[in-house]
Amino acid sequence: MRRLAVIALPYLWLLALFLVPFVIVLKISLSDTAIAIPPYTPILDLSAGWDGLRDFVADLDFENFAFLATDDLYWKAYLSSLRIAFVATVLTLLVGYPVAYAMARAEESWRPLLLMLVILPFWTSFLIRVYSWMGILSQEGYLNQLLMGLGLIDQPLTILNTNAAVYIGIVYTYLPFMILPIYATLEKLDTSLLEAAEDLGCSRMSAFWLVTVPLSVPGILAGCFLVFIPVIGEFVIPSLLGGSETLMIGKVLWEEFFSNRDWPVASAVAVILLLILIVPIVLFQRNEQKQREAGG
Amino acid sequence: MRRFSWINATSLTLGFAFLYLPMLILIVYSFNASKLVTVWAGFSTRWYGELLRNDAFLGAAWVTLKVAVLSSTLATILGTMAAHVLVRGGRFAGRTLFSGMIYAPLVMPEVITGLSLLLLFIGIGLDRGIVTIVLAHTTFSMCYVSVVVSSRLVSFDRALEEAALDLGCTPFQAFRLVTLPIIAPAVISGWLLAFTLSLDDLVIASFVTGPSATTLPMKIWSSVRLGVSPEINALSTLLIGIVTLGVITASLVSKRAIASRQRDEQAAQQT
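Residues numbered from 1 in each chain as written. Chains lettered and ligands numbered in written order. Predicted model: local features only at pLDDT ≥ 70, side-chain atom pairs only at ≥ 80, totals over all residues. Heavy atoms only, no water.

Comments concerning the side chain of Thr-209 of chain B
Residues and elements named next belong to chain B. The topology assignment puts Thr-209 in the loop between helix H9 (203-208) and helix H10 (216-224). A relative accessible area of 9% means that Thr-209 is categorised as buried. Separated by 2.6 Å, the side chain of Thr-209 and the backbone oxygen of Ala-213 make a polar contact. Among all residues touching Thr-209, those that are not within four sequence positions of it are Arg-128, Gly-129, Ile-133 and Met-218. (Helix = DSSP H or I, 4+ residues; strand = E, 2+ residues; numbered from the N terminus. Buried < 20%, exposed > 50% of the residue type's maximum accessible area, 1.4 Å probe, protein only. Polar contact = N/O pair within 3.5 Å; in protein donor to acceptor, adjacent residues only side chain to side chain. Contact = heavy atoms within 4.5 Å.)

As for a nonpolar patch on the surface
Side chains of Phe-86, Val-90, Leu-91 and Leu-94 of chain A sit close together on the surface and give an oily, nonpolar patch of about 370 Å² of accessible area. The topology assignment puts Leu-91 of chain A in helix H4 (residues 72-105). (Patch = residues over 30% accessible without salt bridge, like charges linked within 9 Å, V, L, I, M, F, W, Y side chains within 5 Å. Areas by Shrake-Rupley, 256 points an atom, 1.4 Å probe, with all protein chains shown as cover. Salt bridge = Lys/Arg side-chain N within 4 Å of Asp/Glu carboxyl O.)

Brief notes about empty space enclosed by the protein
Under the defined criterion, the tally for this structure stands at 2 cavities of 30 Å³ or more. In this structure, the largest cavity spans a volume of roughly 160 Å³. Lining of the largest cavity is provided by 13 residues; of these, Ser-125 of chain A together with Leu-199, Asp-200, Leu-239 and Val-243 of chain B occupy positions nearest its centre. When contributions to the lining of the largest cavity are tallied by element, the ones reaching two or more residues are helix H8 (171-200), H10 and helix H11 (230-270) of chain B. Looking at the lining of the largest cavity residue by residue, the classes come out as 9 nonpolar, 3 polar and 1 charged. Each pocket or cavity is described by its volume, and for the second largest cavity that value is around 50 Å³. Lining the second largest cavity are Tyr-131, Ser-132, Gly-135 and Tyr-142 of chain A together with Ile-25, Leu-26, Tyr-29, Val-37, Val-228 and Asn-233 of chain B. Counting only elements with at least two residues in the lining of the second largest cavity, the list comes to helix H6 (126-137) of chain A together with helix H1 (6-29) of chain B. Class assignment of the residues belonging to the lining of the second largest cavity gives a composition of 7 nonpolar, 3 polar and no charged. (1 Å grid on protein atoms, 1.4 Å probe; cavity = no way out; pocket = protein on both sides within 12 Å on 5 of 7 lines; lining within 4 Å. Points joined across faces, edges and corners; volume = space filled by probe spheres on them. Nonpolar A, V, L, I, M, F, W, Y, C, P; charged D, E, K, R; others polar.)

Right under this line is the structure:
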């Protein structure tokens, strides 16, 4: 009896507050916009019994999805989110890998401190970390002051409210997610393999490319997915650091909902975003599964 | 470990400078006397004073704290149960769906979670406010808790539980007297994680809240959209300070707990 309760309580909670809401989103994405509260139609009327349900189903259609396909704002936003997420993931990897590598090569007594230093920003407010770049990157910001003070530039650079600022913001906030899985694989790496490669005549450089990098691929993949997947739906970074050229689907969904109050279209945007995310999420879970099996 | 080259030293220095300089600048400029945020005009704690007199911020902080304590406690209870089910539950109908629902929220974009929960709350006619934010935060943070706790449960010697059961414990007693003390560090870090996730959340809270409840991130958001402000710098510094203190305390406490447990285990083996 108790065992049943232990299973049922979290199960029912997640069913009610995770799965059912998605069904509702799907349903509303098939409804029509209406000037009413709530602002969509038809509304399922269970009191009308079987006829109510039949009328309800008959009124659903794919109009909103057809609308998304014809208005190029939406598919441009999806493509641009994917592109920004991809470029940002590559940049985060380029910054994160050397740091993870150096951490794994550091003295053993140093490693807990270094690990703590990587994790600490993760506990600090995401919003504040994004915000901290606004003062640095603005026209009269600290970076421009520094560069002009050094005489490197004589006109302030425009960085805030461009895609460059969005990339900086993403690399900055998602860096721990990239460093930690790569560090985990590099730390386990058997260094006698590197010595063997060098004994067999490899240079240090080629030993790195032929031994270290291939063996750290599971960590690289995990890190890349942990950055790529959430960045596609990112809202805070493009809103604070991006400009009018920055088109991201998380921002479009937010505006569709809060500014245009078009719930059915916002729901349709969410459904398509979910479909796009299914592929990387499945690949990510497969990668994790493989690592769990290999790690034992 | 052999050869720690200058390349490694450089990448560590640059990497950590990148991670910490922006926050350091923020902290330094929170003590700036000038209203112009980018011009230094001498040391002052003026903005901290203004912050403490700002009732809107204090009210929002209070709402945020209430939401975070309630939701992280609920999430810890549900998440620990879920972890127990995942690791010890054996086979039951719908297990795949269950583990899918545990892992999916971890990578779900916040805009989707927020939108879907709001539509649910409106659908069932629940008044939006603190209650709906607590429900929403509990749902996504219980998944984080269950991941943290289940990684501890996996590495835990099951024979200890079985011994307790053989000696006449009920399953609940075995959990309370044997399992819970051993997984306690993971449960506590799960609670802390849930607490900071709730403290930090802007997007989901903005969707599911009503006019009656404004959280601190929502307050920060509406002010930050207009640009950098010295008051927000002061508030950020306070939050960074609290989190840093909390993380360092938690890691020291857990280090001590692990050390004392290892001593106990060694003592038990010797007798």
